[in-house]
Amino acid sequence: MTLVAGVDSSTQSCKVVIVDAATGAIARTGRASHPDGTEVHPDTWWAALQTAIADAGGLDDVAAISVGAQQHGMVVLDEQGRVIRPALLWNDTRSAAAAEQLAREFPDVVQRTGSAPVASFTSTKLRWLRDAEPENAARVAAVALPHDWLTWRLRGFGPENPVLDELTTDRSDASGTGYWNPHTGDYDRELLIAALGHDAILPRLLGPGEAPAPGFGPGAGDNAGAALGLGAREGDVVVSIGTSGTVFAVTTRPAGSATVAGFADASGLFLPLVATLNAARVLDAMARVLGVDHTALGELALTAEPGAAGAVLRPYFEGERTPNLPDATATLSGLTLASTTRENLARAAVEGMLCGLADGLDAVRAVGVEARRILLIGGAAQNPAVAAIAAQVFDVPVEVPQPAEYVALGAAAQAAWVATGARPAWSVPSRAVAADHRPVIREQYAAATA
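Small disclaimer: the values here were computed from a predicted structure and weren't measured. (Residues numbered from 1 in each chain as written. Predicted model: local features only at pLDDT ≥ 70, side-chain atom pairs only at ≥ 80, totals over all residues. Heavy atoms only, no water.)

Caption draft 1: Just the packing of helix α11 (residues 294-303) against helix α13 (residues 384-393), in detail. Following both chains from N to C, one finds α11 and α13 inclined at 35 degrees, their axes separated by 8 Å at the closest point. Within the contact between the two elements, α11 uses Gly298, Ala301 and Leu302 and α13 uses Ala385, Ala388 and Ile389. When the residues that make up the contact of α11 with α13 are grouped by side-chain class, the tally is five nonpolar, one polar and no charged. (Axes fitted to C-alpha atoms, helices over the stretch in contact; angles between N-to-C directions. Helix = DSSP H or I, 4+ residues; strand = E, 2+ residues; numbered from the N terminus. Contact = heavy atoms within 4.5 Å. Nonpolar A, V, L, I, M, F, W, Y, C, P; charged D, E, K, R; others polar.)

In structure tokens, the structure reads:
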């Protein structure tokens, strides 16, 4: 049996899965936590990766490893390969003004990169660095993303061996930088220079199944890793409810707009994506207010009628990325004395979170995506109320794949790809949710948030 390893270095933690390359069956796993915050030193990711690998029993019997990780995070290195400052993560919104500046300076940026600049993207964080910390910006010799840097470190590079030209990345993660062109498949150096103030070394782009070195997969951004782990194909729309919420689909051509990020996937195709900053944490907030856990929150929500008797939650607790409202706040409207119940508040939270994601589905459809099936993943998807209400909010059949670390499994699929020479075809069990579309939920949400 050939074993391969996949890594998911996410916002909250590092997960390692070691699987049978032939079947995808999990042999063992490991995990370690990451610190909270939107500004984190990459050394903490490296320490967590070492802990998670050890927790998974080590890599001595593993043929290949690949790293999936949170997208967009700005890792800036000096000429000696040292991290210049803590990384700004995807959910750090301090570069919102920088995003607006770049959009004004490059009116054709969507055509050039497939996406409009938002505070999440690496390019806008580099512009913020140039303006807010010019001395640090001037020291930047190379710019990497989290999975690029972790793969580089795993291969034995770093301050003790600072070969910056050995940094590598893949199309999926490069497509989220704001300076990669999906039409040419290469970096847009003019945009990089405009963001940072000067040119810099960027990771070498690897194709699907291409190894940066023997025993290593190319790595991927987290959403592309999840799509690969799920085996998503055309017609599948993945709705992921985690720290952030994402809606994405595999397509054969680039597809982006002012609201849809025109990302690439990890198989050689494309991954138009809508991301929201507010997802499972919306449920965290309402559970805290009601003094219940997530199970009880779901039970309360299911006892209320669809539409929560008119109560509507616009769930922009941390600003929002789609729509691009970094300074927005959440609002709860439509309440009466009769409708202000624990049940309706719980239901409004679930409906509001899902309606935001349904708006994302509408946006990806608007760029030509055909949705035949929704794959609902993420921790919140396992809540029976979330799955049931999703079938009422979405007008497409909903399936819930069995719980798994799909980003790490996607990275493991990459590792199997380089180890065997072929993309694996692992089966993913899922359960269908009974269709129960209730248009009133979306209609009410749209009226309240117009």
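So much for the structure itself; the text now carries on.
Caption draft 2: Fine view of the environment of Arg423. Within the element layout of this structure, Arg423 appears in the loop between α14 (406-420) and β22 (430-432). Spatially, the C-alpha atoms of Arg423 and Thr322 are 33 Å apart, while their sequence positions differ by 101 residues. Those residues within four positions of Arg423 in sequence are excluded, and the remaining contacts are Leu228, Gly231, Arg233, Ser267 and Trp417.

Caption draft 3: Broad picture of the sheet that holds strand β21 (residues 398-401). Taking strand neighbours across the sheet as the criterion, the seven strands line up as β16-β17-β15-β14-β20-β21-β22 in an open arrangement whose pairing is mixed. Each of the sheet's edge strands pairs with one partner strand only, and the pair in question is β16 (261-264) and β22. Adjacent strand axes in the sheet meet at a mean angle of 30 degrees, parallel and antiparallel pairs treated alike. Pairing analysis gives three bridges linking β21 to β22, with the strands arranged antiparallel. Following the sheet pairing, Val400 is matched in β22 by Arg431. (Pairing = 2+ DSSP bridges.)

Caption draft 4: Up close: the sheet that holds strand β13 (residues 220-221). Overall, mixed pairing links the five strands, which are arranged β3-β2-β1-β5-β13 in an open sheet. A single partner strand is all that each edge strand has here, and the edge strands are β3 (26-33) and β13. As paired strands, strand β1 (residues 3-9) and strand β2 (residues 13-20) are joined by seven bridges and run antiparallel to one another. Across the sheet, the residue bridging to Gly6 is Val17, located in β2. Across the sheet, helix α1 (residues 42-55) lies against β1, β2 and β3, angled at about 145 degrees from β3, the strand it touches most. Its contacts with the sheet put helix α6 (residues 146-154) on β1, β5 (62-69) and β13, and the angle it makes with β5 is roughly 150 degrees.

Caption draft 5: View of unusual backbone geometry. In the segment running from Thr322 into Pro323, the intervening peptide bond is cis, with an omega of 0 degrees. Secondary-structure assignment places Pro323 in the loop between β18 (312-314) and β19 (331-333). Phi at His72 takes a positive value of approximately 75 degrees, unusual for a residue other than glycine. Here His72 lies in the loop between β5 and β6 (75-77).

Caption draft 6: Summary view of the packing of helix α10 (residues 280-290) against α11. Viewed as axis vectors pointing N to C, α10 and α11 meet at an angle of 85 degrees, and their least axial separation amounts to 10 Å. Compared by their axis directions, α10 and α11 come out roughly perpendicular. Taken together, the residues of α11 that come into contact with α10 (itself represented by Ala280, Leu283, Asp284, Met286, Ala287 and Leu290) are His294, Leu297 and Leu300. A per-class count over the contact of α10 with α11 returns seven nonpolar, one polar and one charged. (Parallel < 35°, antiparallel > 145°, perpendicular 65-115°, else oblique.)

Caption draft 7: How the structure looks around the pattern of salt bridges. Scanning all chains against the criterion turns up 28 salt bridges. For Glu39, the salt bridge identified is with Arg94, shortest N-O distance 2.7 Å. Of the two residues, Glu39 sits in strand β4 (residues 39-40) while Arg94 sits in the loop between β7 (87-88) and α2 (96-105), which places them 55 residues apart along the sequence. When its relative accessible area of 33% is taken as the criterion, Glu39 is described as partly exposed. For Arg94, a relative accessible area of 33% translates into the label partly exposed. Notably, a salt bridge pairs Asp92 with Arg94, separated by 2.8 Å at the nearest N-O pair. (Salt bridge = Lys/Arg side-chain N within 4 Å of Asp/Glu carboxyl O. Buried < 20%, exposed > 50% of the residue type's maximum accessible area, 1.4 Å probe, protein only.)

Caption draft 8: Structural view of the nonpolar core. One finds Val237, Val239, Ile241, Leu354, Leu361, Leu376 and Phe394 to be the most contacted residues of the largest nonpolar core, which totals 57 residues. For this core, the element with the highest residue contribution is helix α12 (residues 342-366), accounting for 13 residues. When near neighbours in sequence (up to four residues on either side) are disregarded, Phe394 contacts Val239, Leu354, Leu357, Ala358, Leu361, Ile374 and His437. In terms of nonpolar packing, the next biggest core, distinct from the first, is built from 36 residues, Val40, Ala87, Ala144 and Leu164 among them. (Core = buried A, V, L, I, M, F, W, Y, C linked by side-chain atoms within 4.5 Å.)

Caption draft 9: Seen up close, the packing of aromatic side chains. Evaluation of the coordinates by the stated rule reveals three aromatic pairs. Each ring, one from Trp152 and one from Phe157, has its centre 6.2 Å from the other, and the planes form 20 degrees; the classification is stacked. The buried category is assigned to Trp152, whose relative accessible area is 1%. Under the relative-accessibility criterion, Phe157 is labelled buried at 11%. The ring of Trp128 carries Arg94 above its face, with NZ or CZ at 4.9 Å from the centroid. Its guanidinium or amino end placed over the ring of Phe270, Arg171 lies 5.1 Å from that ring's centre, counting from NZ or CZ. (Phe/Tyr/Trp six-rings, centres within 6.5 Å; stacked < 30°, edge-to-face > 60°. Lys NZ or Arg CZ within 6 Å of the ring centre and 35° of its normal.)

So, to be careful, I would describe these as geometric facts and stop short of saying anything about function.
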